[in-house]
There are 2 protein chains.
Amino acid sequence: MRLAELSERSGVSTATIKYYLREGLLPPGRQVNATTAEYDDGHLRRLRLVRALIQVGRVPVATAREVLGHVDDDSLGRTIRMGAALWALPQGPEPDEADPSVAGARAEVDLLLRRLGWETSRELAELSPVHRSLVAAVATLNRLGYGWDAERMAPYAELMHATAKLDLDFLETHASEAERVETAVAAAVLCEPVLRALHRLAQEEESARRYGIE
Amino acid sequence: MRLAELSERSGVSTATIKYYLREGLLPPGRQVNATTAEYDDGHLRRLRLVRALIQVGRVPVATAREVLGHVDDDSLGRTIRMGAALWALPQGPEPDEADPSVAGARAEVDLLLRRLGWETSRELAELSPVHRSLVAAVATLNRLGYGWDAERMAPYAELMHATAKLDLDFLETHASEAERVETAVAAAVLCEPVLRALHRLAQEEESARRYGIE
């Protein structure tokens, strides 16, 4: 398809598409002559992901470029490629090592991972920004006196594991590896608001069932 | 306890405590003479919540005052009181009625709630900002071409319902109604980052189990 059709089908203006092309967020089309390039469904899919990252996720352009670089790096194994793309996304706050709550939080997270048998997460603990943001979030709770220890976290972690299995089952319905990684990145940005809203709605529903609404 | 001890035990400076008192976020202490007031454990607990809202949740002072007004309103039934406090918190984006994806998203959310038998959520649909933020999040996914329909959302909603049951089971371990509502509000601000991090960590763990880490 030509640029005009790519714009029409994606709902993104031609000016914005040209901007994404210049910034290297969208690979160039196949040049058919000096002034015309041809785009395909891969471009349409990529454009969708770029909009998810930039317009919805408010991810800075440089970060989006780094994320997409990992998405496209087919020299990596599946877990590493997906991990690299997801780790490049903006994460929660880092733990503040000057905060005395951090050491306790790290110990509870480690106890949790042992108890759950999440061996890979334990091995990757030093590297993973996700692990660090969990430690930071638990440290904040503990510093404010709302203690969350391994025992309290374990049933939540089990439910989040069931959620992650649904996520990966869905990824596996995509035929190509590239689509799987793209979908994982889009889901990280777009599906979290859905899960958060479902969680809050479930709290309302369950509260009404237990206590009525009078 | 005196102001100095309240500051010491809460880790909040006396200047900040005085600011919270002036802004009506913390109820005044019991005046023992012209220059001295006496504070109790209720003040300590409230201070913890105010810090959670303002320092961690970045909730504006006026919003925090409104949330706390609902927390303290014991004329309300339990579900309504908790709901009013939680609804006053900043929510996700509102649906944009000019967006053609919104009507489809609202229909899928309604189908989901029917299928799950979440009758109260259906009754409150017109009123609840949580319901609106779910519609907005689903509309965004659909507009970008990552369709989430009722069938795809249902297993996630069931897991979020199990999560909400854990939340309420924990609230019920608190003796007083005031503490329950306070804890629900603190959890909405402080526990979401923990859940999000546990979810991402579970994705890493499950991905490594399925595909290895090479």
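Residues numbered from 1 in each chain as written. Chains lettered and ligands numbered in written order. Predicted model: local features only at pLDDT ≥ 70, side-chain atom pairs only at ≥ 80, totals over all residues. Heavy atoms only, no water.

Asks: For this particular structure, what's the right way to read the packing of aromatic side chains?
Replies: Any two aromatic rings considered together are summarised by their centre-to-centre distance and by the angle between their planes. With the rule as written, the count across this model stands at four aromatic pairs over all chains. Between A:Y19 and A:Y20, the ring centres sit 6.0 Å apart and the planes meet at 45°, which makes this aromatic pair tilted. By relative accessible area, A:Y19 is classed as partly exposed at 32%. Over the aromatic face of B:Y146 sits the side chain of A:R48, whose NZ or CZ is 4.3 Å from the ring centroid. Sitting over the ring of A:F170, B:R152 keeps its end group 3.4 Å from the ring centre. (Phe/Tyr/Trp six-rings, centres within 6.5 Å; stacked < 30°, edge-to-face > 60°. Buried < 20%, exposed > 50% of the residue type's maximum accessible area, 1.4 Å probe, protein only. Lys NZ or Arg CZ within 6 Å of the ring centre and 35° of its normal.)

Asks: Would you explain the side chain of B:R51 in this entry?
Replies: By the secondary structure assignment, B:R51 is in helix α3 (residues 41–56). With no salt bridge to any partner, buried B:R51 finds its closest opposite charge in A:D99, at an N-O distance of 8.1 Å. Those residues in contact with B:R51 that lie beyond four places of it in its chain are A:R143, A:L144, B:S10, B:G11, B:V12 and B:V56. (Helix = DSSP H or I, 4+ residues; strand = E, 2+ residues; numbered from the N terminus. Lys, Arg positive; Asp, Glu negative; His and termini not counted. Salt bridge = Lys/Arg side-chain N within 4 Å of Asp/Glu carboxyl O. Contact = heavy atoms within 4.5 Å.)

Asks: What's the story with the UniProt feature "domain: HTH merR-type" (unreviewed entry) in chain A in this structure? I'm lost.
Replies: Residues annotated in UniProt with the feature "domain: HTH merR-type" (unreviewed entry) correspond here to residues 1–70 of chain A. Here residues 1–70 of chain A is 61% helix and 10% strand, with 26 Å between the C-alpha atoms at its ends. (UniProt positions renumbered as here; feature names shortened; annotations may be inferred.)

Asks: What should I look at first to understand the interface of chain A and chain B in this one?
Replies: Accessible area lost upon the coming together of the parts serves often as the stated size of an interface. Counting from both sides, the interface comprises 83 residues of chain A and, opposite them, 83 residues of chain B. Interface of chain A and chain B: buried area, both sides summed, is about 8,000 Å²; carbon and sulfur atoms make up 65% of it. At the surface where chain A touches chain B, the tally comes to seven salt bridges. B:R200 serves as the salt-bridge partner of A:E192, at 3.2 Å between the closest nitrogen and oxygen. Across the contact surface, chain A and chain B share 36 residue pairs in polar contact (both at pLDDT 80 or more). Of all the secondary-structure elements, those providing two or more residues to the side of chain A that touches chain B are α3 (41–56), α5 (78–87), α6 (101–116), α7 (119–123), α8 (129–143), α9 (150–171) and α10 (177–211) of chain A. (Buried area = accessible area lost by both parts, 1.4 Å probe. Polar contact = N/O pair within 3.5 Å; in protein donor to acceptor, adjacent residues only side chain to side chain.)

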